[in-house]
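Chain by chain, the residues run as shown.
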Amino acid sequence: MTVPSTTTSPTTVPARTSGDAPGHGSTAWWRHAVIYQVYPRSFADGDGDGVGDLPGITSRLPYLRELGVDALWISPFYLSPMADAGYDVADYRAVDPVFGTMADADELLARAHELGLRVIIDLVPNHTSDEHAWFREALDAPAGSPARERYVFRDGTGPDGSLPPNNWRSVFGGAAWTRVTEPDGTPGQWYLHLFDSKQPDLNWRNPEVVEEFHDILRFWLDRGVDGFRVDVAHSLVKAEGLPDWEEKAVMAGGGDDESAHANLGPMWDQEEVHEIYRGWRQVLDSYNETGDPAHDRILCAEAWLPSVARTMRFVRPDEMHQAFNFHFLDTAWQAEDLRDVVTESLEEAAAVGAPTTWVLSNHDVVRHATRLGLPPGTRRPNGIAADDPQPNPVLGLRRARAATTLMLALPGSAYLYNGEELGLPDHTALPHDVRQDPAFFRTRGEETGRDGCRVPIPWVAGAPAYGFSEEERSWLPQPLVYGPLAADRQEGVAGSTLELYRTLLRLRREHGLGAGRLEWLEGHAPSVVAFRVHGAGGRPMTVLANLGADPLALPDGLEVLVASGRLEDGLVPQDTTVWLA
Ligand code: BGC
């Protein structure tokens, strides 16, 4: 049954997370929260159709509570033709039947809140689906009509308008423009799509679009969501006149394109975009009349930008609360680079009064257990195929555990991607005929795309689809290596990646590390990342990450609370991180 929004009584999160006792004092929850990304297609399948869904997520909430995270961010579950796995939204106020119903969404929210978990949903404002009512209306309406003004329609160039309005290329490959057939059957105008042709860009210079999204925010805030992860947050407004841009519109890096992250083309990060988020912030703040930080609802920007400073402009006091720190994700496994990115991130965040965030994996990048097993100097690829050089899985997992152990000690908020707590690698040998990422098709296979990091989660080693689904079905095939990594094989097993994450999250909470202050420790080899975090609770935590070949002696007088790998003769071996207090 679908519950209309007017009858919904939103739930709120009980005591545990208001100040995140015991360690986090009274700081706002989002300043230090650990937020777990659920990719709904791949997390847990409640109805046996091989695609994950909302009831599946609800059934696994106790697992997340046990893991020790503070919140979930759920990738889109709106009504969608799934041309980009749900990032093509046909109706922002409806749940796609593949994921369940609005009643399932309400149930998920209520259950999560009962368990003390906050829920952030994904909002996709840059584009709709071409199956959204607005776009259908635009296709039926003439050039220059109000319906077309909601999108970016332009006349073509060349004598008969048969060439696109400018030379922009889509992030997913190919042209960023598609020509429509007018209602009278003649070839007509072109519309802009920075992504797939089924994802037409909205015109954010149109006040109607601004108003509509305020309303969508309110729709979900009324249902009780705790915030929004904002998709491609830096792209909404394009430079006036849509000037040509010679480079590819790279966004999430990847591929061999050296310009990834250096891209500041006219489609990204225009000044006017910040005004939009100031408006959104006011909407969110209006849901917290008392100003109690426990009731803050938050915005987190997904904005791939060339510098930390540029990213931090999205989290100035009257804009968003958080922005993903992709600079950290893209840092090489080198001690000096890690020290630099941590220092820069903390400084730039402090300069605008925002918390730093940290992230190593998500649904758009090769998982860090795979990435860190690639030969040194390899640029992060957009997916790995069977005929590509394969990563070293043992080295990758070892480094991934060390990297996470380093990350979860850092002050600020951290994002985890579902399955990384099991040490999952990417599927690096998916057959091409099962691929779904539009980037694979639009680049004609030149880019492998992101399917490899989206493979369904293994829960039970001996069960069909490794317990992802009741039936032997999963929308992408799971590799055999997922069997031994299934959650049930790791639960309660000392030294497993799952138990490592649980321990890290418990200690992080107890010691209030997320709300702590970082102090670099001098006197170590250059290949050691050494710091102390003065947390909001308990003793300061000393963190040593040894990236060098020489084993590292432990300092006197401190006890090892957790280590990402086995210590050898009391020494910290290469690619291992320890926490001591
Ligand atoms: C999302 C991608 C999506 C793209 C277009 C990204 O930032 O994370 O998964 O393909 O936006 O919506």
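Summarised in this report is the structure supplied together with it. Because the structure is predicted, anything quoted here is derived from the model rather than measured.

**Considerations on the packing of helix α6 (residues 207–223) against helix α7 (residues 273–285)**
At step 1: Two numbers describe how α6 lies on α7: the axes approach to 10 Å, and their chain directions differ by 30°. Between α6 and α7, the angle is such that the two are roughly parallel. α7 is crossed by α6, and the crossing has right-handed handedness. Taken together, the residues of α7 that come into contact with α6 (itself represented by F213, H214, L217, R218 and L221) are G279, W280, V283 and L284.
At step 2: Residues belonging to the contact of α6 with α7 are distributed by class as follows: 6 nonpolar, 2 polar and 1 charged.

**Describing a negative patch on the surface**
At step 1: Together, E336, D337, D340, E344 and E347 make up a region of like negative charge exposed at the surface.
At step 2: For D340, the location among the structural elements is in helix α10 (residues 335–352).
At step 3: You can call D340 partly exposed: its relative accessible area is 45%.

**Quick look at the pairing of strand β8 (residues 187–192)**
At step 1: Counting buried positions over the 6 residues of β8 gives 5, a clear majority of the element.
At step 2: Of the pairings in the sheet, the one linking strand β7 (residues 177–181) to β8 comprises 4 bridges and is antiparallel in character. Counterpart to W177 in the pairing with β8 is L192.
At step 3: In textbook terms, the turn of a hairpin is the stretch between consecutive antiparallel strands, and for β7 and β8 this stretch comprises 5 residues, one of which, G185, has a positive phi near 90°.

**Side note on the sheet that holds strand β11 (residues 322–323)**
At step 1: In spatial order, the strands read β11-β10-β9-β5-β2-β1-β13-β12; together these 8 strands make up an open sheet with parallel pairing. Here the strands that pair on one side only, and so sit at the sheet edges, are β11 and β12 (357–359).
At step 2: Pairing geometry for strand β2 (residues 71–74) and strand β5 (residues 118–123), over 4 bridges, is parallel. Note that in β5 the partner of L72 across the bridge is V119.
At step 3: On the sheet, α6 packs against β5 and β9 (227–230) and is oriented at approximately 155° with respect to β5.

**Brief notes about the environment of D49**
At step 1: If you trace the backbone, D49 turns up in the loop between α1 (40–43) and α2 (54–59).
At step 2: Residue D49 is classed as partly exposed on the basis of its relative accessible area of 26%.
At step 3: Between the alpha carbons of D49 and E114 there is a distance of 28 Å; along the sequence they are 65 residues apart.
At step 4: Sequence-distant contacts of D49, defined by excluding residues within four places in its chain, comprise V98, S469 and R473.
At step 5: At 2.9 Å, the side chain of D49 forms a polar contact with the backbone nitrogen of V51.

**What about the packing of helix α12 (residues 393–407) against helix α15 (residues 497–510)?**
At step 1: Relative orientation of the contacting elements α12 and α15 amounts to 10°, with a least axis distance of 10 Å. Considering their axes alone, α12 and α15 lie roughly parallel with respect to each other. Within the contact between the two elements, α12 uses L397, R401, T404, T405 and M407 and α15 uses T497, L500, Y501, L504 and R508.
At step 2: Partitioning the contact of α12 with α15 into residue classes produces 5 nonpolar, 3 polar and 2 charged.

**As for the side chain of N203**
At step 1: Topologically, N203 is positioned in the loop between β8 and α6.
At step 2: For N203, the side chain forms a polar contact with the main-chain oxygen of E149, separated by 2.8 Å.
At step 3: Polar contacts involving the side chain of N203 include one to the main-chain amide nitrogen of R205, which spans 3.0 Å.
At step 4: Apart from residues no more than four positions distant in its own chain, N203 is found in contact with E149, R150, Y151, V152 and V209.

**Examining the sheet that holds strand β20 (residues 576–580)**
Within a beta sheet, neighbouring strands are joined by backbone hydrogen bonds and run either parallel or antiparallel to one another.
At step 1: The antiparallel open sheet is built from 5 strands, whose spatial order is β14-β15-β16-β20-β18. Looking at which strands have only one partner, the edges of the open sheet turn out to be β14 (517–520) and β18 (560–563). For this sheet, the mean inter-axis angle between neighbouring strands, taken without regard to orientation, is 20°.
At step 2: Note that β18 and β20 share 3 bridges and pair antiparallel. Residue pairing for β20: A563 is matched across the bridge by V578.
At step 3: Its contacts with the sheet put α15 on β16 (541–546), β18 and β20, and the angle it makes with β18 is roughly 140°.

Reading the values: rules and limits
- Residues numbered from 1 in each chain as written.
- Predicted model: local features only at pLDDT ≥ 70, side-chain atom pairs only at ≥ 80, totals over all residues.
- Heavy atoms only, no water.
- Axes fitted to C-alpha atoms, helices over the stretch in contact; angles between N-to-C directions.
- Helix = DSSP H or I, 4+ residues; strand = E, 2+ residues; numbered from the N terminus.
- Parallel < 35°, antiparallel > 145°, perpendicular 65-115°, else oblique.
- Left-handed = near helix turned anticlockwise from the far one by under 90°.
- Contact = heavy atoms within 4.5 Å.
- Nonpolar A, V, L, I, M, F, W, Y, C, P; charged D, E, K, R; others polar.
- Patch = residues over 30% accessible without salt bridge, like charges linked within 9 Å, V, L, I, M, F, W, Y side chains within 5 Å.
- Areas by Shrake-Rupley, 256 points an atom, 1.4 Å probe, with all protein chains shown as cover.
- Salt bridge = Lys/Arg side-chain N within 4 Å of Asp/Glu carboxyl O.
- Lys, Arg positive; Asp, Glu negative; His and termini not counted.
- Charge placed at Lys NZ, Arg CZ, Asp CG, Glu CD.
- Buried < 20%, exposed > 50% of the residue type's maximum accessible area, 1.4 Å probe, protein only.
- Pairing = 2+ DSSP bridges.
- Polar contact = N/O pair within 3.5 Å; in protein donor to acceptor, adjacent residues only side chain to side chain.

Fair warning: the whole summary comes from geometry, so function is off the table for now.
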